[in-house]
Amino acid sequence: MMGSLGAWHGLGWLMGLYFLSHVPITLLVDLQAGLPRDLYPVELRNLRQWYTEEFKDPLLHNPPVWFKSFLFCELAFQLPFFLIPTYVFFKVVHGGCRWICTPAIIYPVHTMTTLIPILSTFLLQDFSKASCSGGQGPKTFHEQLFHISVYITYFLIPLILLLFMLRNPYYKSEEKRKKK
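Now for a quick tour of the structure. (Residues numbered from 1 in each chain as written. Predicted model: local features only at pLDDT ≥ 70, side-chain atom pairs only at ≥ 80, totals over all residues. Heavy atoms only, no water.)

1. Quick look at helix H2 (residues 42-55)
Okay, step 1: Given a rise of 1.5 Å per residue, 14 residues ought to cover 20 Å, and the 20 Å separating the end C-alpha atoms of H2 matches this to within 8%.
Okay, step 2: Taken from the residues just after H2, Lys-56 is the one with a positive phi, measuring 55°. (Helix = DSSP H or I, 4+ residues; strand = E, 2+ residues; numbered from the N terminus. Expected span 1.5 Å × (residues − 1).)

So this is what it looks like as structure tokens:
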């Protein structure tokens, strides 16, 4: 039982690190593809340009409208949310925050859903056709796998969070008490 409790605690810390790291990634890199470029200093714009050219990421280089809609969701809903679970999973992982369960189930379901078209783009899109990606995009299977491996992280960690919230006895115990 104690080993199991330690595993749940370790997963809580992993989730806290995920949300904490997501704040600067969202603010400094992701949102550049959807916000006016003047909001960002030249150094950050250069970082994004280097990344998109070096790794041939067509979604951040020349984002389609559907991808920009995901960026809007990231700005409006996810970014404010990131701070809450960061606090909960680091500060009060064993203190009365059972209320985090519902939003921490909604977030991964939403995020995993947005990853379906993103991953499908890298799996199915023919980037050799310049018109579909402005000439930017992975040209080899190895480059496609690189993008899939980067983006799938944002599917798998939310999946772990979803399972964590559904399976963790801490978040289930209150409901069990109500049934008695």
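Once you've had a look at it, read on.
2. A few points about the nonpolar core
Generally speaking, nonpolar side chains in soluble globular proteins are found buried as a group.
Okay, step 1: In terms of nonpolar packing, the biggest core is built from 36 residues, with Phe-19, Phe-89, Tyr-151, Leu-161, Met-165 and Tyr-171 touching the most fellow members.
Okay, step 2: Of all the secondary-structure elements, those providing two or more residues to this core are helix H1 (2-28), H2, helix H3 (58-61), helix H4 (65-91), helix H5 (101-124), helix H7 (141-167) and helix H8 (169-179).
Okay, step 3: What Tyr-171 contacts, discounting residues up to four positions off in sequence, is Phe-89, Cys-97, Arg-98, Ile-100, Cys-101, Phe-164 and Met-165. (Core = buried A, V, L, I, M, F, W, Y, C linked by side-chain atoms within 4.5 Å. Buried < 20%, exposed > 50% of the residue type's maximum accessible area, 1.4 Å probe, protein only. Contact = heavy atoms within 4.5 Å.)

3. A closer look at the packing of H5 against H7
Okay, step 1: It is the contact of H5 with H7, at a shortest axis distance of 8 Å, that shows an interaxial angle of 160°. By the criterion of interaxial angle, the relationship of H5 to H7 is roughly antiparallel. Every pair of crossing elements has a handedness; the one defined by H5 and H7 is left-handed. (Axes fitted to C-alpha atoms, helices over the stretch in contact; angles between N-to-C directions. Parallel < 35°, antiparallel > 145°, perpendicular 65-115°, else oblique. Left-handed = near helix turned anticlockwise from the far one by under 90°.)

4. Considerations on the pattern of salt bridges
Okay, step 1: This structure, assessed with the given rule, holds one salt bridge.
Okay, step 2: For Glu-143, the salt bridge goes to Lys-56, with nearest N and O atoms at 2.6 Å. With a gap of 87 residues between them, Glu-143 in helix H7 and Lys-56 in the loop between H2 and H3 connect regions that are remote in the sequence. (Salt bridge = Lys/Arg side-chain N within 4 Å of Asp/Glu carboxyl O.)

5. Things to note about the packing of H4 against H5
Okay, step 1: Relative to each other, H4 and H5 sit at 155°, their axes nearing to 12 Å. Considering their axes alone, H4 and H5 lie roughly antiparallel with respect to each other. The two elements H4 and H5 cross, and the hand of that crossing is left-handed. Residue-level inspection shows Trp-66, Phe-67, Phe-70, Cys-73, Gln-78, Phe-81 and Phe-82 of H4 in contact with H5, the latter providing Pro-103, Ala-104, Tyr-107, His-110, Thr-111, Thr-114, Pro-117, Ile-118 and Thr-121.
Okay, step 2: Residues of the contact of H4 with H5, tallied by class, amount to eleven nonpolar, five polar and no charged. (Nonpolar A, V, L, I, M, F, W, Y, C, P; charged D, E, K, R; others polar.)

6. Some points on the side chain of Thr-86
Okay, step 1: Within the secondary structure, Thr-86 sits in helix H4.
Okay, step 2: Assessed through its relative accessible area of 10%, Thr-86 is described here as buried.
Okay, step 3: A distance of 3.3 Å separates the side chain of Thr-86 from the backbone nitrogen of Leu-20, its partner in a polar contact.
Okay, step 4: If we ignore the near neighbours within four places in the chain, the residues touching Thr-86 are Gly-16, Phe-19 and Leu-20. (Polar contact = N/O pair within 3.5 Å; in protein donor to acceptor, adjacent residues only side chain to side chain.)

7. Considerations on unusual backbone geometry
Okay, step 1: In this model, Lys-56 sits at a positive phi of 55°, which is unusual for a non-glycine residue.
Okay, step 2: Owing to a relative accessible area of 25%, Lys-56 belongs among the partly exposed residues under this scheme.

8. Regarding the side chain of Arg-45
Okay, step 1: Within the secondary structure, Arg-45 is located in helix H2.
Okay, step 2: At 4.6 Å, Asp-38 is the nearest oppositely charged side chain to Arg-45, a buried residue that forms no salt bridge.
Okay, step 3: Excluding residues within four positions of it along the chain, Arg-45 makes contact with Gln-32, Arg-37, Asp-38 and Tyr-40. (Lys, Arg positive; Asp, Glu negative; His and termini not counted.)

9. A closer look at H5
Residue pairs spaced three or four apart in an α-helix point in one direction, given the helix's 3.6 residues per turn.
Okay, step 1: The first and last C-alpha atoms of H5 sit 35 Å apart over 24 residues, in line with the 34 Å expected at 1.5 Å per residue.
Okay, step 2: For H5, the principal kink sits at Ile-116 and spans about 25°; a proline, Pro-117, occurs within the next four residues.
Okay, step 3: Buried within H5 we find Cys-101, Ala-104, Tyr-107, Pro-108, Thr-111, Met-112, Thr-114, Leu-115, Ile-118, Leu-119, Thr-121 and Phe-122. (Bend = angle between axes of the 7 residues up to and from the residue.)

10. Here we look at the packing of aromatic side chains
To describe a pair of aromatic rings, one takes the distance between the centres and the angle between the planes.
Okay, step 1: Under the defined criterion, the tally for this structure stands at 18 aromatic pairs.
Okay, step 2: With centroids separated by 5.6 Å and ring planes inclined at 75°, the aromatic side chains of Trp-66 and Phe-70 adopt a geometry described as edge-to-face. Of the two residues, Trp-66 and Phe-70 both sit in helix H4, four residues apart, roughly one turn of that helix.
Okay, step 3: Assessed through its relative accessible area of 31%, Trp-66 is described here as partly exposed.
Okay, step 4: Between Phe-81 and Tyr-107 the ring centres are 5.5 Å apart and the planes differ by 25°, which places this aromatic pair in the stacked class. Pair noted here: Phe-81 is in helix H4 and Tyr-107 is in helix H5, with a separation of 26 residues, a long-range link. (Phe/Tyr/Trp six-rings, centres within 6.5 Å; stacked < 30°, edge-to-face > 60°.)

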